[in-house]
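Residue-level listing of the chains:
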Amino acid sequence: MKVDRRKIILILSLMAIIMNVILLKGQPFIQDQDLSDQIMDIFNGNVLWGDSDGDGDLDILIAGSTLSGTITEIYKNEGSNYNALNLALIGLNNSSASWCDFDNDNDLDFLLIGTDTTGSKNFPSAILYQNIGNDSFEQFETGLLGVYDGKSAWG
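First, a word on scope: everything that follows refers to the structure included in this document. (Residues numbered from 1 in each chain as written. Predicted model: local features only at pLDDT ≥ 70, side-chain atom pairs only at ≥ 80, totals over all residues. Heavy atoms only, no water.)

Here we take up the sheet that holds strand E8 (residues 136-140). Judged by pairing direction, the sheet is antiparallel, and its four strands sit side by side in the order E5-E6-E7-E8 without closing on themselves. Bordering the open sheet on either side are strand E5 (93-100) and E8, each of which pairs with just one other strand. Direction aside, the axes of adjacent strands within the sheet are offset by 25° on average. Bridge count for strand E7 (residues 123-133) against E8 is five bridges, and the pairing is antiparallel. By the bridge assignment for E8, Tyr129 is matched with Gln139. (Pairing = 2+ DSSP bridges. Helix = DSSP H or I, 4+ residues; strand = E, 2+ residues; numbered from the N terminus. Axes fitted to C-alpha atoms, helices over the stretch in contact; angles between N-to-C directions.)

Take a look at the structure:
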C-alpha cells in the first residue's frame, strides 16, 4: 500500500486548524507578554493553564524544583500581570500536576504527584488540593498511593 505523504500532511494540517478552533474558540494565540520576570523558573515539573478562580481568564499552576528547593504555586491572572497567591502548598521533586473538579462544584481543584524530599528520605506522594474559594486551597485526604516519577492526569 502506497502512502501519499501530501494527503497525510493535509490531514494533519486540518486537524491542527480544527483543534485551534475548538481549544481557542477561533481566537489565535498571540504571545504578547514575557512572563519570565513574573513566574518562578522550575525544572523536573510542569506548568498548567487553568481558571482557578472562575473569573474567565487563565491562571497558572507550577509544580517542580527550583535551584533552592521545590515549589507548587498558583499565579493569578490579574489582566496585565500574574501574581503568586503564596498559599504555602507542598512542593515535590519530579512532580506532575493536573487540574480537575473532583468534587463537582464547578471550580478547579488539582492533583499533585511526585517525590517529597523534605525529610532525610525521599518518598512518593500524591496530594489532592481542593479549591475552597477565595483563592484558597486545602489538602483533601484521599488515600491515593504516592508516585515517585510519573504523570498526573484526570479524566
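A separate point is the side chain of Asp59. Secondary-structure assignment places Asp59 in strand E2 (residues 59-66). Put simply, Asp59 is tucked away with no salt bridge, and the nearest opposite charge, on Lys76, sits 6.9 Å away. Looking at Asp59, its side chain comes within polar contact range of the main-chain nitrogen of Ser52, at 3.0 Å. Setting aside chain neighbours within four positions, we find Asp59 in contact with Leu48, Trp49, Gly50, Asp51, Ser52, Asp53, Tyr75, Lys76, Asn77 and Tyr82. (Buried < 20%, exposed > 50% of the residue type's maximum accessible area, 1.4 Å probe, protein only. Lys, Arg positive; Asp, Glu negative; His and termini not counted. Salt bridge = Lys/Arg side-chain N within 4 Å of Asp/Glu carboxyl O. Polar contact = N/O pair within 3.5 Å; in protein donor to acceptor, adjacent residues only side chain to side chain. Contact = heavy atoms within 4.5 Å.)

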